[in-house]
Amino acid sequence: MAVGGSDSGILRAMIIGVGLDARLGLPLRQLREVAREAARLGFESVWTPAGGVPDSFHVCAAWSADTSLRTGISVVPAARMWTPLALAVQAATLAQLSSGRFVLGLGTGGYGPQFWESVGLPNRPIAVMRDYTMSVRRLLAGETVTLDGPVRLRAASLGVKDLPPAPVYLAALGPQMLRLAGEVAEGALLNWATPERIAASRSRIAEGAARAGRDPGEVPVTMYVRVCIDDDVAAARRAFGAQVLGYAMAQPGIPPEAGYRGLFAQMGFDGVLRELEDRRDRGAGLAALVDAAPDELFHAVGYFGPAAAAPAAFARLSAGLDETIVRIITARPGPEPVVDAMTALTPSVIRAAY
């Protein structure tokens, strides 16, 4: 797969998908209707995160039945909710149902010593995700798997062979996890990354691929780019900003250099976030924090506002990706703003913006 970027020939090779999830508040029936509209508008894949209702595996099954789009989950919080065998069973079923048009994205589901203690695993995220990624891949390949590392399995098998492909992607933020993705996964999933961070992440993925004797081109890089399309700019900013700060601000008990807080700090926003966290600790609510946050923070990782300016912003934010996903945030309930966002950012419109 070609690497995404600003070159128009490379851009044509970039896959452009759409991301729909439980935060939109749509029941399964409407998620199915919206996915059919995405296919009509020319999107090439449709993705959802795990952890909400309706369940992501059921959603992907419905989408596979309704459309010819490639479907994906980004990401399943593996260590928090699943065993490798259970994940492999679900992925194998969707591989059969979709005739090989399903991608399974794996993530840890949390970080820090308290998280790992709560899921009964050692605080060794790289070793744990190596075990998860490799064991799920091997199970999907028809192997019998025994693990004696951080994750334990005893002669686990799906009992079937010659399954359609179900690529296993790994969510990665820090350098070690990015290298691991390049080494053992079939794709890497980034999140909330600026174009500069995407480029740096690709370098770490390539290092991991080289360590395993792989071509970095065998490890496509995919990311949600979030947008909130609405003529009411203030409402769009509030909806978009709430999601940014929900990831970017340090959570109580978590070191500020860890997880997404660490990512945003490394992208130049440590000072901004310290000020916002200080306001929060003095009693400010989320709405007030969004109002106080600088637009620079929000524009660095996504887009909010009217449709006209969205394609150019989205194209800029997608530079360096092999697959870019229009992850939709809405300021109003119902399917209409979702369809409006997809119509504003169809693949043809995004490609024309370069």
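Residues numbered from 1 in each chain as written. Predicted model: local features only at pLDDT ≥ 70, side-chain atom pairs only at ≥ 80, totals over all residues. Heavy atoms only, no water.

Q: Help me out: how do you make sense of the packing of helix α2 (residues 28–41) against helix α15 (residues 336–344) in this one?
A: Pairs of packed helices are described in terms of their axes, by the angle between the two and the distance that separates them. Two elements in contact, α2 and α15, have axes whose closest approach is 10 Å; the angle formed by their N-to-C orientations is 15 degrees. Considered as vectors, α2 and α15 are oriented roughly parallel to each other. You can see that α2 and α15 cross each other, and the crossing is right-handed. On α15, the residues that touch Val34, Glu37, Ala38 and Leu41 of α2 are Val338, Val339, Met342 and Thr343. (Axes fitted to C-alpha atoms, helices over the stretch in contact; angles between N-to-C directions. Helix = DSSP H or I, 4+ residues; strand = E, 2+ residues; numbered from the N terminus. Parallel < 35°, antiparallel > 145°, perpendicular 65-115°, else oblique. Left-handed = near helix turned anticlockwise from the far one by under 90°. Contact = heavy atoms within 4.5 Å.)

Q: How do you make sense of the pattern of salt bridges when you look at a structure like this?
A: If the charged atoms of two oppositely charged side chains come close together, the side chains can form a pair. One pass over the structure, following the stated rule, counts 24 salt bridges. Across the salt bridge formed by Arg29 and Glu33, the nearest N and O atoms sit 3.2 Å from each other. Of the two residues, Arg29 and Glu33 both sit in helix α2, four residues apart, roughly one turn of that helix. Given the relative accessible area of 51%, Arg29 is considered exposed. For Glu33, a relative accessible area of 35% translates into the label partly exposed. Across the pair Arg152 and Asp148 runs a salt bridge whose closest N-O atoms are separated by 4.0 Å. Pair check on accessibility: Arg152 and Asp148 agree, each one exposed. One salt-bridge network, in which partners are shared between bridges, spans Arg261, Asp270, Arg274 and Glu277. (Salt bridge = Lys/Arg side-chain N within 4 Å of Asp/Glu carboxyl O. Buried < 20%, exposed > 50% of the residue type's maximum accessible area, 1.4 Å probe, protein only.)

Fair warning: the whole summary comes from geometry, so function is off the table for now.
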